[in-house]
Amino acid sequence: MPAITADTLTLPRVDAASPEETERPVRSITTGPRGYEGEGFPVVRAFAGVSAAALDPFVHMDQMGEVDYEPGEPRGTDWHPHRGFETVTYMIDGKFAHQDSHGGGGLIADGATQWMTAGSGILHIETPPAELVASGGLFHGIQLWVNLPKKDKFAAPRYQAIEGHDARLLASDDGEALIRIIAGEIDGRGGPGVTHTPITLAHATIQNGARLNVPWRRDFNALLYVLTGSGAVGPVAHPIHQGQLAVLGPGDRITVAAASGESSSTSAMDVLLLGGQPIREPVFHYGPFVVNSRAELIQALEDYKAGKFGDIPPNALMPTRTGGTL
């Protein structure tokens, strides 16, 4: 169950659709393949098989877990570089520790979000804290990469710690779904994340048999990813389930419905709603670098090798290993 919950009957509600508003149709539904990231933690590659044009301004997204680790099993990343985009780490359940070469850092836990603008260049690490490695436990989150326009590619690195209680909470018009707005806005209510690129990022929990219908900016693209559960998306109710991404077409609103209790193995459907203003600039993406040209990519590699992304701090956070292995 997501760490941040609320009584939806007491929350502000999203306005119902007006007659002149149109529903966004489903353009594609893809299933993310499973893989491993960092030092071996399991992920679903949510954007695999989707064109860069359909994703713009997003570049990459992994669903981390959901996994219930045994003691000694939790894994993270070692120190690594980034340039030219923003990383967004949202922990639905569990804990991740963060530290970077520009003074950012802290514990990302139980509904919190770490928003890191890599900009001109940064080194960072994300790893389970030592106590979680020792005890094991539930681990479930998202890492999203948001592209930066050319004018902001070399912005100064920035770190935002967004605690779970900072998210703006809304309810669906019937009170059967909870919406957590992390960045951007829905129905005029804004989340706490500060972004270079105009986007909206929200996590919704929809009770079985219920339907969520939310307004969406027409100048934004629209993506819906299923974290848990199953249901249907769009005006003609395309079936969709855990680990699948829907790319939606133009329109004013997004509709998603959770499966009934009889047809679902979970008590609710959790989805990530995301979209933004397309940047429509050339993208050269290689590993941890997202730039606008091959020359900039070569420069990023040279700058990293020359130590221009900052230094790993003294007494730095390091991956916790047990018994010689992770």
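Residues numbered from 1 in each chain as written. Predicted model: local features only at pLDDT ≥ 70, side-chain atom pairs only at ≥ 80, totals over all residues. Heavy atoms only, no water.

1. Brief notes about the packing of aromatic side chains
The way to describe two aromatic rings as a pair is by their centre distance and the angle between their planes. Applying the stated rule across the entire model yields five aromatic pairs. Relative to Phe309, the ring of Tyr304 has its centre 5.9 Å away and its plane inclined at 55 degrees; by these criteria the two rings are tilted. For Tyr304, a relative accessible area of 36% puts it in the partly exposed group. Residue classification places Phe309 among the buried residues on the basis of a relative accessible area of 1%. Aromatic rings pair up to connect Tyr69, Phe96 and Phe139 into one cluster. (Phe/Tyr/Trp six-rings, centres within 6.5 Å; stacked < 30°, edge-to-face > 60°. Buried < 20%, exposed > 50% of the residue type's maximum accessible area, 1.4 Å probe, protein only.)

2. Overview of the sheet that holds strand 21 (residues 238-241)
Sheet architecture is open: four strands sit in the order 18-23-20-21, paired in antiparallel fashion. The sheet terminates laterally at strand 18 (211-215) and strand 21, the two strands that pair on one side only. Neighbouring strand axes in the sheet, compared pairwise and without regard to direction, differ in orientation by 25 degrees on average. As defined by bridge partners, strand 20 (residues 230-233) adjoins strand 23 (residues 253-258) across three bridges and the pair is classed as antiparallel. Note that in strand 23 the partner of Gly231 across the bridge is Ala258. (Pairing = 2+ DSSP bridges. Helix = DSSP H or I, 4+ residues; strand = E, 2+ residues; numbered from the N terminus. Axes fitted to C-alpha atoms, helices over the stretch in contact; angles between N-to-C directions.)

3. A look at the UniProt feature "domain: Pirin N-terminal" (unreviewed entry) in the protein
Feature annotation in UniProt assigns "domain: Pirin N-terminal" (unreviewed entry) to the following positions: residues 45-146. Counted over residues 45-146, helix gives 10% and strand 56%. Its end C-alpha atoms are 15 Å apart. (UniProt positions renumbered as here; feature names shortened; annotations may be inferred.)

4. Quick notes on the UniProt feature "binding site: Fe cation" (unreviewed entry) in the protein
The feature "binding site: Fe cation" (unreviewed entry), as annotated in UniProt, sits at His80, His82, His124 and Glu126 in this numbering. Annotated residues spanning 47 residues; largest pairwise C-alpha distance 12.9 Å, indicating a single compact cluster. Structurally, His124 can be placed in strand 10 (residues 122-127). Those residues in contact with His124 that sit more than four places away from it in its chain are Asp78, Trp79, His80, His82, Thr87, His98, Gln99, Asp100 and Met116. Positionally, Glu126 belongs in strand 10. (Contact = heavy atoms within 4.5 Å.)

5. Quick look at helix 3 (residues 294-305)
Over its twelve residues, helix 3 runs 17 Å from end to end, which matches the ideal 16 Å to within 8%, given 1.5 Å per residue. The secondary structure elements touched by the buried residues of helix 3 are strand 25 (284-286) and strand 26 (289-291). (Expected span 1.5 Å × (residues − 1).)

6. A short note on the pairing of strand 13 (residues 168-171)
Where strand 13 meets strand 14 (residues 177-183), four bridges bridge the pair, whose relative direction is antiparallel. Note that in strand 14 the partner of Ala171 across the bridge is Leu178. Here strand 13 hands over to strand 14 after five residues, with Gly175 in that stretch at a positive phi of 80 degrees.

7. Regarding the environment of Met269
Locating Met269 in the fold gives a position in strand 24 (residues 268-276). When the C-alpha positions of Met269 and Gln207 are compared, they lie 6.4 Å apart, and in sequence the two are 62 residues distant.

8. Some details on the nonpolar core
Within the largest apolar cluster, 28 residues are counted, with the highest numbers of intra-cluster contacts made by Ile179, Leu212, Val214, Leu224 and Val271. Of all the elements in the fold, those that place two or more residues in this core are strand 14, strand 17 (199-207), strand 18, strand 19 (222-228), strand 22 (244-248), strand 23 and strand 24. Not counting chain neighbours up to four residues away, the residues in contact with Leu212 comprise Ser172, Ala177, Ile179, Ala204, Ile206, Ile254, Thr255, Val256 and Leu273. If you look at the next biggest cluster of nonpolar residues, it comprises 26 residues, including Val50, Val88, Val247 and Leu272. (Core = buried A, V, L, I, M, F, W, Y, C linked by side-chain atoms within 4.5 Å.)

9. Some remarks on the pattern of salt bridges
For side chains of opposite charge, pairing can occur when their charged atoms come near one another. Enumeration according to the criterion identifies eleven salt bridges in this entry. The shortest N-O distance in the salt bridge between Glu296 and Lys150 comes to 3.0 Å. Here Glu296, found in helix 3, pairs with Lys150, found in the loop between strand 11 (137-147) and strand 12 (158-162); they are 146 residues apart in sequence, far enough to count as distant. Judged by its relative accessible area of 19%, Glu296 is buried. (Salt bridge = Lys/Arg side-chain N within 4 Å of Asp/Glu carboxyl O.)

10. A look at unusual backbone geometry
The peptide bond linking Asp56 to Pro57 adopts the cis configuration, its omega dihedral lying at 20 degrees. Relative to the helices and strands, Pro57 is located in the loop between helix 1 (52-55) and strand 4 (58-69). Cis geometry marks the peptide bond from Gly65 to Glu66, where omega comes out at 10 degrees. With respect to the secondary-structure elements, Glu66 resides in strand 4.

11. Brief notes about the sheet that holds strand 5 (residues 80-82)
Taken in spatial order, the four strands line up as 5-10-7-8 in an open sheet, and their pairing is antiparallel. Every interior strand has two partners, whereas the edge strands, strand 5 and strand 8 (105-109), have only one. Pairs of neighbouring strands in the sheet enclose a mean axial angle of 30 degrees, with direction left out of account. Strand direction decides the pairing type here: strand 5 and strand 10, joined by three bridges, are antiparallel. Residue pairing for strand 10: His80 is matched across the bridge by His124.

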